[in-house]
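Listed below, chain by chain, are the residues.
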Amino acid sequence: MWYIGFFFSVALLCFGIFSVTWAVYWGLGTWGVNRTIGWGWDITNFVWWVGIGHAGTLISAILLLFRQGWRTGVNRAAEAMTIFAVMCAGQFPIFHMGRVWDGFFVLPYPNTRGPLWPNFNSPLLWDVFAISTYFTVSLLFWYSGLIPDFATIRDRAKTKFRKMAYGVASFGWTGSVKNWQRHEALALVLAGLSTPLVLSVHTIVSFDFATSVIPGWHTTIFPPYFVAGAIFSGFAMVNTLLVISRKILHLEDYITVGHLEAMNKVIVLTGSIVGVAYLTELFIAWYSGAYGEQAAFKWRIMGPYWWSYWAMMTCNVVSPQLFWVKKLRRNIPFTFIMSIVVNIGMWFERFVIIVTSLYRDWIPGSWAYYSPTWPEVGFYLGTFGLFFTCYFLFAKYFPIVAVAEIKFVLKTSGDNYKRGMETIEAQSEEEFVHEVETHHAHA
Amino acid sequence: MAIKKFAVACYDDEEVLFPALKTVRHSGYKLHDIYTPFAVHGLDEAMGLKGTDLHIAGFIFGLCGTSTALGFISWILTSDWPLNFGGKPHFSLPAWIPITFELTVLFSAVGMVLTWCYLNQVMPGVKKHVFHPRQSDDYFVMAVELNDHTSEQEVVDFLKTTGAKETSVQIAEDSWWYGRFDKEEAYQKL
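Residues numbered from 1 in each chain as written. Chains lettered and ligands numbered in written order. Predicted model: local features only at pLDDT ≥ 70, side-chain atom pairs only at ≥ 80, totals over all residues.

Visitor: Just to check I follow, could you spell out the overall build of chain A for this structure?
Guide: What chain A contains, in helices and strands, is 17 helices and 0 strands. In terms of overall size, chain A behaves like a compact globule, its C-alpha atoms giving a radius of gyration of 24 Å where 443 residues would be expected to give roughly 22 Å. In terms of overall dimensions, chain A has a C-alpha envelope of 85 × 50 × 50 Å along the principal axes. For chain A, buried positions account for 47% of its 443 residues. Residue pairs in contact within chain A that sit at least 24 positions apart in sequence constitute 81% of those at least 6 positions apart. (Helix = DSSP H or I, 4+ residues; strand = E, 2+ residues; numbered from the N terminus. Rg over C-alpha atoms; globule rule 2.2 N^0.38 Å. Buried ≥ 20, exposed ≤ 12 C-beta atoms within 10 Å, placed from the backbone. Contact = placed C-beta atoms within 7 Å.)

Listed below in structure tokens is the structure:
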């Protein structure tokens with residue numbers, strides 16, 4: 001089963017590499033983008049993948065701060081998904097540069113061109129910083145959590161090679177009390193840093209659009225609207241992966257229906273926020289009285305791209321509302337189908353925002369239509385290959401659930417703990433307070 | 001970094017571990033360390049360890065990130081290569097907030113993780129003695145340092161009375177060294 005999936009993913013990845021090589025060799029003329037519609041599938045896919053990459057850090061960081069115990073079942077896989085999704089996302093702006101070998105020009109380093117620096121006032125450069133910071137911090141957060149679990153695998157390893165490899169991966173972790181104390185402090189501060197970071201990343205991605213003067217883009221609603229959409233699609237992707245992983249790896253006891261239901265609750269919440277945002281956009285377009293804005297939205301709904309707008313509305317606004325029904329929230333096949341539907345919808349959202357804001361320009365003479373060519377489609381499929389290749393390797397060689405954290409939760413909610421709590425609960429308040437005070441006095 | 005002799009006691013329940021730790025500390029034997037498969041809350045206090053100041057390192061690194069970003073961007077855009085963007089001021093602070101924020105987070109996170117690795121002395125290629133293979137699985141392992149004045153048997157017997165499931169005496173390096181976990185370490189006799 002694993003080998004079939006892995007083989008298929010690698011095949012997709014190879015096709016993606018071929019498509020990208022084709023585009024780099026012949027130039028971006030092989031893509032369907034044109035002078036009017038300069039951003040097509042590439043930037044759509046970039047925003048889509050970045051959005052998916054938001055759930056992992058949200059689950060690990062924000063839910064850690066909110067002390068949501070259920071996150072321990074799913075956080076490791078979700079964080080891995082974040083990292084792989086951001087890796088996929090990063091490919092698109094890089095290859096969209098066209099002359100990708102000059103891509104390092106975006107980095108502010110002393111150069112022989114002046115030195116000519118990048119424009120720090122440009123949202124596109126903010127994106128470079130946001131995405132690379134997000135990738136680095138997510139990677140550190142993920143890996144620092146993995147170290148104790150690698151140590152567990154190392155100490156249980158049977159073969160010499162595994163002991164060696166997991167020994168290197170575990171950084172020589174032994175689980176001493178002081179190390180754990182620092183580990184907890186690190187996790188808490190990284191969570192505290194990641195929480196504003198995760199919100200900032202999609203905010204900055206939305207600035208790519210919102211700071212421009214294109215009707216349909218130039219709106220202040222974009223940052224919260226993008227963040228909600230990112231969480232929405234990210235949670236859907238986590239559900240897609242978890243439903244498959246728990247089945248294949250027999251993790252039904254660790255990733256329970258309760259987990260999926262909790263995820264579905266977040267999906268219905270963020271889906272509703274996204275729905276309200278769409279309607280607000282429409283209302284403001286009408287209420288502002290701005291002619292360009294009104295025209296942009298009229299053509300979105302009724303123009304030649306009407307099908308993308310209505311696909312977005314159906315998948316993102318109507319369908320998640322079904323999750324108000326508890327029976328559907330706890331239905332695993334339905335959850336799986338919905339997770340796919342939501343991500344199709346979110347892909348269309350980005351397509352609608354990008355293409356249907358650009359295709360009717362200020363000058364009717366430059367109005368155009370855009371459809372992708374095979375290298376663009378191949379590039380997109382290739383990132384699926386990259387994503388699933390990484391995920392399959394992760395699922396086989398990495399601890400897919402956060403072992404140490406699960407043990408912690410089980411210990412504090414396990415039978416021994418409850419038995420211990422019974423005696424405390426049986427005590428009167430004075431006895432308890434007295435005991436704590438004497439304990440502190442001794443300490 | 002020294003090779004020492006340890007009496008090792010393994011517990012399978014934290015509710016046994018805590019009282020055991022208390023008796024060991026009262027007994028006056030030198031507690032080396034305790035190894036647990038997950039973070040046991042309150043164990044650091046029970047061992048008499050101070051809290052960690054790692055978050056202060058994170059704060060300082062964060063400040064470095066903020067000042068690097070603001071200093072670098074303002075130097076570039078106001079003195080090294082000032083550009084005129086439609087007559088807007090060269091010192092345009094609001095537009096620099098995103099990058100300043102990102103670099104603050106980046107410096108803080110990277111710096112703190114490196115500090116964490118340094119303080120915990122963990123790194124790829126570093127090896128430390130594992131007193132019991134189940135210390136990362138389901139055992140709480142306490143190592144008590146032995147010296148010329150302590151009787152080996154006495155300490156082991158004492159640890160047994162505290163509820164240890166397994167006890168042993170081991171000679172081991174008390175710190176880290178460069179090595180591989182698939183290779184046994186060979187110690188010369190004390």
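Visitor: What is the right way to look at the sheet that holds strand E4 (residues 140-146) of chain B in this model?
Guide: Within a sheet, each strand pairs with its neighbour through backbone hydrogen bonds, oriented either parallel or antiparallel. All names here are of chain B. The 4 strands lie next to each other as E2-E4-E1-E5, forming an open sheet whose pairing is antiparallel. In this open sheet, the two strands that pair with only one neighbour each are strand E2 (30-35) and strand E5 (166-173). The average undirected angle you get between the axes of adjacent strands in this sheet is 30 degrees. Sitting on the sheet, helix H1 (residues 14-27) is in contact with strand E1 (3-11), E2 and E4, with an inclination near 15 degrees to E4. (Pairing = 2+ DSSP bridges. Axes fitted to C-alpha atoms, helices over the stretch in contact; angles between N-to-C directions.)

Visitor: Is there a simple way to explain the pairing of E1(B) in this structure?
Guide: Taken residue by residue, a regular strand's side chains alternate between the two faces of the sheet. Residue and element names in this part refer to chain B. In this sheet, E5 lies alongside E1 in antiparallel orientation, the contact comprising 8 bridges. Counterpart to isoleucine 3 in the pairing with E5 is glutamate 173. Summarising the sheet, E1 and E4 pair through 7 bridges and their orientation is antiparallel. Each bridged residue has a counterpart across the sheet, and for lysine 5 the counterpart in E4 is leucine 146.

Visitor: How should the packing of helix H11 (residues 306-318) of chain A against helix H13 (residues 332-358) of chain A be read in this particular structure?
Guide: What describes two packed helices is the angle between their axes and the distance between those same axes. All names here are of chain A. Two elements in contact, H11 and H13, have axes whose closest approach is 8 Å; the angle formed by their N-to-C orientations is 145 degrees. Read as a crossing pair, H11 and H13 show a hand that is left-handed. From H11, Ser308, Tyr309, Ala311, Met312, Cys315 and Asn316 reach across to H13, where they touch Val341, Val342, Ile344, Gly345, Met346, Phe348, Glu349, Phe351, Val352 and Thr356. Looking at the contact of H11 with H13 residue by residue, the class counts come to 11 nonpolar, 4 polar and 1 charged. (Left-handed = near helix turned anticlockwise from the far one by under 90°. Nonpolar A, V, L, I, M, F, W, Y, C, P; charged D, E, K, R; others polar.)

Visitor: Help me understand the nonpolar core, please; the structure alone is not making it clear to me.
Guide: Formed by 130 residues in total, the largest nonpolar core has its most connected members in Met81(A) and Val238(A). For this core, the leading source of residues is helix H5 (residues 123-156) of chain A, giving 15 residues. Filtering out sequence-adjacent residues up to four positions away, Val238(A) remains in contact with Ala55(A), Val74(A), Ala78(A), Met81(A) and Met263(A). Residues Trp180(A), Ala9(B), Tyr35(B) and Ala164(B) belong to the second largest nonpolar core, which totals 34 residues. (Core = buried A, V, L, I, M, F, W, Y, C linked by C-beta atoms within 7 Å.)

Visitor: Help me understand the interface of chain B and chain A, please; the structure alone is not making it clear to me.
Guide: Size of an interface, as often reported, equals the accessible area lost when the parts are brought together. Across the contact, 58 residues belong to chain B and 53 residues belong to chain A. For the side of chain B that touches chain A, the secondary structure elements donating two or more residues are H1, E2, helix H2 (43-46), helix H3 (54-80), helix H4 (93-120) and strand E3 (126-128) of chain B. Take the side of chain B that touches chain A: its biggest share by element is 17 residues, from H4(B). Here the side of chain B that touches chain A is composed, by residue class, of 36 nonpolar, 10 polar and 12 charged.

Visitor: Please explain the domain arrangement of chain A as it appears in this structure.
Guide: Residues and elements named next belong to chain A. For chain A, the assigned domains read domain 1 (37-87 + 116-374) and domain 2 (402-443). If you average the C-alpha positions of domain 1 and of domain 2, the two centres end up 38 Å apart. Listed per partner, the contact involves 9 residues of domain 1 and 6 residues of domain 2. The biggest single contributor to the side of domain 1 that touches domain 2 is H5, with 4 residues. When the residues that make up the side of domain 1 that touches domain 2 are grouped by side-chain class, the tally is 2 nonpolar, 5 polar and 2 charged. (Domains from an automatic or database assignment.)

Visitor: Would you mind showing me how to read unusual backbone geometry here?
Guide: Both trends apply: most residues other than glycine have a negative phi, and most peptide bonds are in trans. Look at the link from Gly114(A) to Pro115(A): it is a cis peptide, with omega at 0 degrees. In this structure, Pro115(A) sits in the loop between helix H4 (71-96) and H5. Even without a glycine there, the phi angle at Phe171(A) is positive, about 60 degrees. Looking at the element boundaries, Phe171(A) is found in the loop between helix H6 (160-169) and helix H7 (177-210). Its identity is not glycine, yet Gln121(B) carries a phi of approximately 55 degrees, on the positive side. Checked against the element boundaries, Gln121(B) lands in the loop between H4 and E3. Take Gln121(B): there are 15 C-beta atoms within 10 Å of it, and that puts it in the partly exposed class.

Visitor: Could you clarify how one ought to interpret the packing of H7(A) against H4(B) in this entry?
Guide: Close contact between H7(A) and H4(B) brings their axes to 10 Å; oriented N to C, the two are set at 165 degrees. Relative to H4(B), the element H7(A) lies roughly antiparallel. Taken as a pair, H7(A) and H4(B) cross one another with a handedness that is left-handed. Every residue of H4(B) that contacts H7(A) at Asn179(A), Arg182(A), Leu186(A), Val189(A), Leu190(A), Leu193(A), Leu197(A), Ser200(A) and Ile204(A) is listed here: Pro98(B), Phe101(B), Glu102(B), Val105(B), Ser108(B), Ala109(B), Met112(B), Val113(B), Trp116(B), Leu119(B) and Asn120(B). (Parallel < 35°, antiparallel > 145°, perpendicular 65-115°, else oblique.)

Visitor: Explanation requested: the domain arrangement of chain B in the structure shown.
Guide: As assigned here, chain B comprises domain 1 (3-39 + 125-178) and domain 2 (54-120). Domain 1 of chain B and domain 2 of chain B are separated by 45 Å when their C-alpha centres are compared.

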